[in-house]
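Topology and contacts: notes
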Amino acid sequence: MSSIEYDFIIVGGGTSGLVVATRLTEDPNTSVLVLEAGEDHSADPRVITPALWPSLLGTEVDWGYLSEAQTGLNGKRIPLSQGRLLGGSSALNGLAFVAPSRFSVDAWEKFGNPGWNWQSLSSYFQKSCTLTKPSDAACTHLGLDYVDETTSANFKGPVQASFAEEVSSPLPKAWVESFNNLGYTVSGDPFTGEAVGGYVNAMNIHPVTKQRSHAGNAYYEPARARTNLTIVTSAVVEEILLERQVTDVVAKGVAYTKDGKKQTATASKDVILAAGVFNTPKLLELSGIGSTYLLNFEVADGIATVDGLARKDMAAIGAAMATYQRDQSGLFATGGNFAGGFLPVTDFLTPDGKKDLKILLGSQILDDKLFSKDHSAFVESLLQTSNEGSGGFFSYSAQGNFIPEVAATGSNEIIGGSSPGNFLTICCMLLHPLSRGSSHITSSDPAAKMAIDPAYLSHQLDLEVLARHVRFIGKIASSEPLASFLKPGGRRSNGAPTNLEDLELVKEYVKKAALSAWHPTSTCAMLPLEKGGVVDPELKVYGTKNLRIVDASVIPLATRGNSQTTVYAVAEKAADLIKATYDIKV
C-alpha cells in the first residue's frame, strides 16, 4: 500500500473541493491532493450544453441516491441526484443561479456561529462569480431593471453567470408581468440579500460561449497546469486515517481505492472533506466519527417550449442543436430554469390569515433537541415577515410528470412526460422546512448503500405552508398576461385537483406529487456542539485538530432556492480560514 504526503488532502473534486484546492495552490509552496470518485467529463456535451442537464440524471455522473420511504409523501422513495464527476453537482444541476437571503444567512450567526453572517459572506459571493447582463433588448423583455448595477459590478469571480438572451418567447415576460399584476413586483436585486416577488434569475452559463460554467472549467481548468495541485479521479476514499493524541484526534491522511488497488495518502496539515452532503457524513461514520411540488399547464398553440427535447423528438433536437452550433442561441443555450420568484404565504398576510397562523404556530409539537427552539423561532419569524419568502416558485417550459409509476420506481426521469403538446410547468418549493431528516451508513462496508431519510413533511407546519403556496400557483396561472398563453381548458398534471382553492385537496395532492428540489444541506451542520453541531465556525470537526468540512453539509439552514451560490461562497471563505490558520499569504 503506497503513500505520498501532501500539505492538504481534499476528498471530493466537486463544487467546494475545487474552489478550496485552487485557492490554496495559489501559493506555489503549498501542495494539495484532490481525490475525486468520478471522472473528468469536462468535454462531455451533456455537461457543457445547458439544455441537456436532464440527460445527466441517473447516469454514471450521478451518485443516484434514493431516499428511504417517506411517510409524509405516502411512502414514496425520492431520487436524490448528486454529481459524481469533476465539478460535482455544479456540473450536473439545472443551472439556476439564485442568491440566498440576508435574513436566513444572518440566522447562522444567531444559531451560534460568530463571523458567519450576510455581511461577512457577501464578499465571497462576489469573489466566486461574475454576473453579466444580456443585451438592452433582452433586459427590457425579461424585466431586468431590478438588477443593482453597483452590486453586480463587484462580482468578479471565476464562475460565469448570465441571463437568457431572450427577446421572443412571451412566457418569461408574461411570468414577470403576472407577478407584477398580483402585487408582487420583485422588491430588489436578490444578490443584495433582500428580494420578494417574481423575476428572471441568472444561470451559471457563460455569456459568450453559452456553455455551462462550473467549478471544473471555472476554477480548476485555469489551474490545471500547477505542479503543486494533484487531481486523482476514479479514486474512492473509504476511510479517514485518524490518530488519537493527548487532547485531540489528528487526521493523518486517507485510505482510498484506485483501479482496484488500495492506496493511502498523508497530509502534513489538514484533511478537508468536500465529498458532498451525503458522502461526507458517510466518511465520518466509516472512520468512527459520529454515529416540489409542481403543476403542468398546457400552453396555447404556437408557444414554443422544450417539450420536444424532453420527449427526445429527433427533429426538435436536431433543429435546436443546429441553432446552438450556428450562433449559440435557441433552446440549447438555456437550462430552462430562469423564471422564478420568492413569496411569503399570502394567506397569512390578511387579518384572518394572521389568526390562522397564530393557531398553527401554537399547535406545534417541539422535540427536546436544543436546536429545535432556534430553528422553530427562525421559521416563525419568517412566516410573520411580509418581505421574506417562505416559498420559492419557478417555471420550466416543458411537461413535468411527478406522480405516476416513474416516481414510485425511483427513476430520475421526471422532466418531460409522454403526452403530446406543449406545456409550462410551475413549481413551488418550501424554502425553509422545519422537518429534519438523517443520513447514516448501514454497514462498515464502504460500498453499502446509505440510509437517507429526509423526513419530508414530517413536521406538521411544513404541509400547511407548502399547500398554501401550491394554492397560489392557481392564481399565477390565472393572472394576465400569463393566462393568455395557456390553453383554455387545456390539460394539467395527472391527478391535480381541479379546484386549487380547496386546501385539503391540495394537501393530499402535495403528498402524492412532491419530490426533492435536489438542494440538501446540513448533514454536518456548523452549530455549537450542544445544539447537535458537527463543525465549529472554523469548519473543524469537533474533537479533531485538523479535519475540516467545506461542502454543503456544514450549512446550518436550508438555503433560499438553489444552494450552489452559497456553496461557492462557503468554500471561498473556508479557503481563507485555512490560509489564515497556516499563514499562507497568497
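Residues numbered from 1 in each chain as written. Predicted model: local features only at pLDDT ≥ 70, side-chain atom pairs only at ≥ 80, totals over all residues. Heavy atoms only, no water.

1. Thoughts on the overall build of the protein
Check the secondary structure of the protein and you find 17 helices and 20 strands. Counting over 586 residues, the protein shows a buried share of 60%. When the accessible area of the protein is evaluated, it comes to approximately 22,500 Å², of which 51% is carbon and sulfur surface. (Helix = DSSP H or I, 4+ residues; strand = E, 2+ residues; numbered from the N terminus. Buried < 20%, exposed > 50% of the residue type's maximum accessible area, 1.4 Å probe, protein only. Areas by Shrake-Rupley, 256 points an atom, 1.4 Å probe, with all protein chains shown as cover.)

2. Some words on the pattern of salt bridges
All told, the structure shown has 22 salt bridges when counted by the stated rule. The partner of R23 in a salt bridge is E26, and the shortest N-O contact between them spans 2.9 Å. A single salt-bridge network, built from bridges that share partners, covers R23, E26, K127, E572, D576 and K579. (Salt bridge = Lys/Arg side-chain N within 4 Å of Asp/Glu carboxyl O.)

3. Re the packing of aromatic side chains
A full pass over the atoms with the stated rule returns 17 aromatic pairs. Plain terms: the ring middles of F111 and F371 are 5.0 Å apart, the flat faces sit at 90° to each other, and that makes the pair edge-to-face. Exposure class is identical for F111 and F371. Each is buried. Just above the ring of W63 sits the side chain of R84; from NZ or CZ to the centre is 4.1 Å. The residue whose ring lies beneath K573 is W116, and the NZ or CZ to ring-centre distance is 4.2 Å. (Phe/Tyr/Trp six-rings, centres within 6.5 Å; stacked < 30°, edge-to-face > 60°. Lys NZ or Arg CZ within 6 Å of the ring centre and 35° of its normal.)

4. Things to note about the packing of helix α1 (residues 15–24) against helix α8 (residues 215–223)
At a minimum axis separation of 9 Å, α1 and α8 run at an interaxial angle of 25°. Regarding the angle of α1 to α8, the classification is roughly parallel. As for how α1 packs across α8, the hand of that crossing is left-handed. Along its contact with α1, which presents T15, L18, V19, T22 and R23, the element α8 presents A215, G216, Y219, Y220 and A223. Of the residues assigned to the contact of α1 with α8, the class counts are six nonpolar, three polar and one charged. (Axes fitted to C-alpha atoms, helices over the stretch in contact; angles between N-to-C directions. Parallel < 35°, antiparallel > 145°, perpendicular 65-115°, else oblique. Left-handed = near helix turned anticlockwise from the far one by under 90°. Contact = heavy atoms within 4.5 Å. Nonpolar A, V, L, I, M, F, W, Y, C, P; charged D, E, K, R; others polar.)

5. Quick look at the side chain of H41
Positionally, H41 belongs in the loop between β2 (32–35) and α2 (45–48). Given the relative accessible area of 13%, H41 is considered buried. For H41, the residues in contact, after removing those within four places along its chain, are V47, E60, V61 and L85.

6. Observations concerning the pairing of strand β17 (residues 423–430)
Of all eight residues making up β17, eight are buried, and the element is well covered by its neighbours. Burial along β17 is two-sided: the face carrying F423, T425, C427 and M429 and the face carrying L424, I426, C428 and L430 are both buried. In terms of strand pairing, strand β16 (residues 391–396) meets β17 through six bridges, oriented antiparallel. Note that in β17 the partner of S395 across the bridge is I426. (Pairing = 2+ DSSP bridges.)

7. Section: the environment of Q399
With respect to the helices and strands, the residue Q399 is situated in the loop between β16 and α14 (405–408). Sequence-wise, Q399 and T425 are 26 residues apart; in three dimensions their C-alpha atoms are separated by 5.9 Å.

8. Focus: unusual backbone geometry
Of note, the bond from E480 into P481 is cis; its omega dihedral lies within 30 degrees of zero at 5°. Residue position: P481 is located in the loop between α15 (460–478) and α16 (503–513). Backbone geometry at A455 places phi at a positive 55°, although glycine is not the residue there. Mapped onto the secondary structure, A455 falls in the loop between β19 (451–453) and α15. Residue classification places A455 among the buried positions, given a relative accessible area of 15%. If you check the backbone angles, W518 has positive phi at about 70° while not being a glycine. Inspection of the secondary structure puts W518 in the loop between α16 and β20 (547–549). Take W518: its relative accessible area is 22%, and that puts it in the partly exposed class.

9. What about the side chain of E388?
Its location among the elements puts E388 in the loop between α13 (370–383) and β16. Although buried, E388 forms no salt bridge, and the nearest oppositely charged side chain, R560, lies 4.6 Å from it. Contact partners of E388, with chain neighbours within four places excluded, come to S101, F103, V196, L343, P344 and L382. (Lys, Arg positive; Asp, Glu negative; His and termini not counted.)

10. With respect to the confidence of the model for the protein
Here the protein averages 89 in pLDDT, while 88% of its residues score no lower than 70. Counting interchain partners and residues more than four positions distant, the pLDDT-below-50 stretch residues 404–416 has 28 contacts. (pLDDT = per-residue confidence, 0-100.)

11. Remarks on α16
Of the positions making up α16, those classed as buried are L503, V506, K507, Y509, V510 and A513. Looking straight down α16, one finds that the buried residues subtend no more than 165° of arc, so they occupy a single side. By the N-cap criterion, in which a side-chain oxygen at the helix start approaches the backbone nitrogen of a residue two or three places on, α16 is capped by D502, the distance to E504 being 3.2 Å. (Arc of directions from axis to C-beta. Polar contact = N/O pair within 3.5 Å; in protein donor to acceptor, adjacent residues only side chain to side chain.)

12. Description of helix α4 (residues 118–128)
Every buried residue belonging to α4 is among W118, L121, S122, Y124, F125 and S128, and all of these are buried. For α4, the buried positions fall inside an angular range of 165° around the axis, keeping them on one side. Buried positions along α4 lie against α3 (102–110), β6 (129–132), β7 (159–162), α8 and α17 (564–581). Put simply, N117 is the residue that caps the front of α4, since its side-chain oxygen is 3.2 Å from the backbone nitrogen of Q119.

13. Here we look at the pairing of strand β8 (residues 197–200)
Burial along β8 is two-sided: the residues G197 and Y199 and G198 and V200 are all buried. Note: β8 against strand β15 (residues 339–343), four bridges, orientation antiparallel. Counterpart to G197 in the pairing with β15 is F342.

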